[in-house]
Amino acid sequence: MVNDGAIVKEKLLSLSEINAKAIEDMTQTQLVSYMQVLNVTAAAFPLQREELMHAFSEMDYAVVFQWLEIICSSLSQMHADELAKECEKQINVNKDLNNIRHARVKVFVEYFVPTLDLFFADIYRVLEDLEVVETESLNVIEKEPEKIKEKLLTISEFDREIIKKMSDEDLSGYLGILNDFCAGFQAQENGLRGSIKIKHYVFVLQWLTVIEESLTKINASELADDCRSHIAINKDFNNIHHEKLEVFINYLLSSMSMLSADIKMLHLPKELELVNETEAPEHIAVEVELLSQGSSSDAKTVLVVNKMTMFMNSFKNALHDAGHRLIGVTTAEAALNYLKTSKPDLFVIDEDLPGTNSYVFTKIIRATGHLAPIIFTTSKITKDKMVKFMEAGVADFIVKPITPADVQKKVNKHLS
């Protein structure tokens, strides 16, 4: 195994489709996570390619663009920025499925898929040359292994007895595995959601198997057992109960998303930090409490999730004399952390959350038992967006830029 960061970067920089600056700026910890992303996305590509080409041959454009969205997400995670932009452009151009021009889509697919073939062939070559980076590079525990264990034991999904018995050396390797889990989760979620959406049960079970292995590695025993149970139940493709399987998958991915958020919120020693160190300041999880004028101990609580603290203050000013208690957080992870111990009376969630699919986030909120109304803030509202988010549990919308009158009207409506 190659553990020299300089050698790894040199190999990665030979991939012309990848953003060179993103690679050069990576820390050793981020480099290990990135190699896991390459591993997972490269493993998923043959499935994505096969399904994309099958859908294209059937001229099933809805499915074609579902798979292109999944591929686009994978390319973004890999920092293949130009390829991701090309893919995203085609998705945006062809949003109206009733007016798609087959000839133009054909030209794009016949150019784009061979380009991806060459790109992933280069990735396989690099992975083979490097023999894949081990997580042993994360071998610094500083001098506080017991404090790290204490933090890990606060995460209820983990097998406590296994963690308690870990030596310092075991703990170092385990933290690397947790890092890999967080890095690989998005690709696993995309693959599983895409497969269940088009009812391709062979790949659903393949993804569940991959996820079960990931959960077993991180000692999330109960979730891994649930996975194994549903894999066994659904082996007979002719007798699959789609709705039940879909409910389980939504529960599983919601649980994994919260688990990943918990891991990232551990605030481990700097050498082992699992949060992206290159994030812009406005992406840092910040929790602020904004008390509107006249607030009391029995005031209604509004949780505002928006990456801009400026927006939170505008929201506060719009409700300056309403007597509500406003809690503001700038990331979905911070919101989920707050929701572990609190139940707000109203959610105000922005469409543009850093590193988060806001649609999935609203479903996670509902899956965790929070039933308060959700108001969604967006720069543009369409009929399709309204239907999609209302199905996920959104009760209302506020179009940005917000006005005090609109904020007051919508908040009063749902808190009355």
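Coordinates for the structure precede this section.
Here we summarise the structure given alongside this text. From a predicted model like this one, the values you see are computed outputs, not experimental measurements.

Here we look at the overall build of the chain
And step 1. Assigned secondary structure in the chain consists of 17 helices and six strands.
And step 2. Within the chain, the fraction of its 416 residues that count as buried is 49%.
And step 3. Sequence separation of 24 or more characterises 71% of the internal contacts of the chain that already satisfy a separation of 6 or more.
And step 4. Accessible surface, the chain: about 20,300 Å² in total, of which carbon and sulfur atoms supply 51%.

Thoughts on the layout of surface pockets
And step 1. Empty space within the second largest pocket amounts to approximately 480 Å³.
And step 2. Taken together, 19 residues line the second largest pocket, and the ones lying closest to its centre are Q36, Q188, V210, S214 and K217.
And step 3. Secondary structure elements with two or more residues in the lining of the second largest pocket: helix 3 (28-57), helix 9 (168-197) and helix 10 (201-217).
And step 4. Ranked by residues supplied to the lining of the second largest pocket, first place goes to helix 10 with seven residues.

Here's the deal with the side chain of K385
And step 1. By secondary structure assignment, the location of K385 is in helix 16 (residues 383-391).
And step 2. A relative accessible area of 15% places K385 in the buried class.
And step 3. Reaching out from K385, the side chain makes a polar contact with the backbone oxygen of K380 at a distance of 2.6 Å.
And step 4. Look past the residues within four positions of K385 in its chain and what remains in contact with it is E351, F376, T378, K380 and F397.

Considering the pattern of salt bridges
And step 1. Applying the stated criterion across every chain, the model contains 13 salt bridges.
And step 2. Put simply, E189 and R193 hold a salt bridge, and the shortest N to O gap is 3.2 Å. Of the two residues, E189 and R193 are both situated in helix 9; the distance of four residues between them amounts to about one turn of the helix.
And step 3. Three or more residues are tied together by salt bridges with common partners; here these are D396, D406, K410 and K413.

Overview of the pairing of strand 5 (residues 374-378)
And step 1. Within strand 5, five of the five residues are buried, leaving the element largely enclosed by the surrounding structure.
And step 2. Of the two faces of strand 5, both are covered, the one formed by I374, F376 and T378 as well as the one formed by I375 and T377.
And step 3. Where strand 4 (residues 346-350) and strand 5 come together, four bridges link them in parallel fashion. In the sheet register, V348 faces strand 5, and the bridge partner there is I375.
And step 4. For strand 5 and strand 6 (residues 396-399), the ladder comprises four bridges, and the chain directions are parallel. When the bridges of strand 6 are listed, I375 appears paired with D396.
And step 5. What joins strand 5 to strand 6 is helix 16, and the crossover it makes is right-handed.

Observations regarding the environment of L47
And step 1. Considering the arrangement of structural elements, one finds L47 in helix 3.
And step 2. Note: C-alpha distance between L47 and W67 (20 residues apart in sequence) is 10.0 Å.

Re the packing of helix 12 (residues 242-264) against helix 15 (residues 358-367)
And step 1. Running from N to C, helix 12 and helix 15 cross one another at 100°; their axes reach a closest spacing of 10 Å. The angle between helix 12 and helix 15 places the two elements in the roughly perpendicular class. Across from N250, S254, S257 and M258 in helix 12, the residues of helix 15 making contact are K363, I364 and A367.
And step 2. Among the residues forming the contact of helix 12 with helix 15, the class breakdown is three nonpolar, three polar and one charged.

Quick look at the packing of aromatic side chains
The geometry of an aromatic ring pair is captured by the separation of the ring centres together with the interplanar angle, meaning the angle of the planes.
And step 1. Summed over all chains, the structure comprises eight aromatic pairs.
And step 2. Ring centres of F45 and F120 lie 4.2 Å apart, and the angle between their planes is 10°; this geometry places the pair in the stacked category. Taken together, the residues F45 in helix 3 and F120 in helix 6 (residues 102-130) connect sequence positions 75 residues apart.
And step 3. Residue F120 is classed as buried on the basis of its relative accessible area of 3%.
And step 4. Chaining the aromatic ring pairs together yields one cluster made of Y359, F376, F389 and F397.

Some words on helix 14 (residues 332-339)
And step 1. Across the eight residues of helix 14, six count as buried, placing the element largely inside the fold.
And step 2. By the burial criterion, the buried members of helix 14 are A332, A334, A335, L336, Y338 and L339.

Describing the pairing of strand 4
And step 1. Across the five residues of strand 4, five count as buried, placing the element largely inside the fold.
And step 2. Residues L346, V348 and D350 line one face of strand 4 and the alternating positions F347 and I349 line the opposite face, and both faces are buried.
And step 3. Note that strand 2 (residues 301-305) and strand 4 share four bridges and pair parallel. Counterpart to V304 in the pairing with strand 4 is V348.

A look at the nonpolar core
And step 1. One finds L12, F158, L208, L215, L252 and L259 to be the most contacted residues of the largest nonpolar core, which totals 87 residues.
And step 2. Each residue touching L259, except ones within four places of it in the same chain, is listed here: I155, E157, F158, F181, L215, I218, A220 and L223.
And step 3. Within the second largest apolar cluster, 26 residues are counted, among which are Y338, Y359, A372 and I374.

Overview of helix 17 (residues 404-415)
And step 1. A rise of 1.5 Å per residue sets the reference length of helix 17, with its twelve residues, at 16 Å; its end C-alpha atoms lie 16 Å apart and thus fit the reference within 8%.
And step 2. V407, K410, V411, H414 and L415 are the residues of helix 17 that are buried. Mapping the buried residues of helix 17 onto a view down its axis gives an arc of 120°, with all of them on the same face. Looking at helix 17, the residues exposed on the side facing more than 90 degrees away from the buried face are A405, K409 and K413.

So, how was this worked out
Residues numbered from 1 in each chain as written. Predicted model: local features only at pLDDT ≥ 70, side-chain atom pairs only at ≥ 80, totals over all residues. Heavy atoms only, no water. Helix = DSSP H or I, 4+ residues; strand = E, 2+ residues; numbered from the N terminus. Buried < 20%, exposed > 50% of the residue type's maximum accessible area, 1.4 Å probe, protein only. Contact = heavy atoms within 4.5 Å. Areas by Shrake-Rupley, 256 points an atom, 1.4 Å probe, with all protein chains shown as cover. 1 Å grid on protein atoms, 1.4 Å probe; cavity = no way out; pocket = protein on both sides within 12 Å on 5 of 7 lines; lining within 4 Å. Points joined across faces, edges and corners; volume = space filled by probe spheres on them. Polar contact = N/O pair within 3.5 Å; in protein donor to acceptor, adjacent residues only side chain to side chain. Salt bridge = Lys/Arg side-chain N within 4 Å of Asp/Glu carboxyl O. Pairing = 2+ DSSP bridges. Right-handed = clockwise from strand over helix to strand, strands pointing away. Axes fitted to C-alpha atoms, helices over the stretch in contact; angles between N-to-C directions. Parallel < 35°, antiparallel > 145°, perpendicular 65-115°, else oblique. Nonpolar A, V, L, I, M, F, W, Y, C, P; charged D, E, K, R; others polar. Phe/Tyr/Trp six-rings, centres within 6.5 Å; stacked < 30°, edge-to-face > 60°. Core = buried A, V, L, I, M, F, W, Y, C linked by side-chain atoms within 4.5 Å. Expected span 1.5 Å × (residues − 1). Arc of directions from axis to C-beta.

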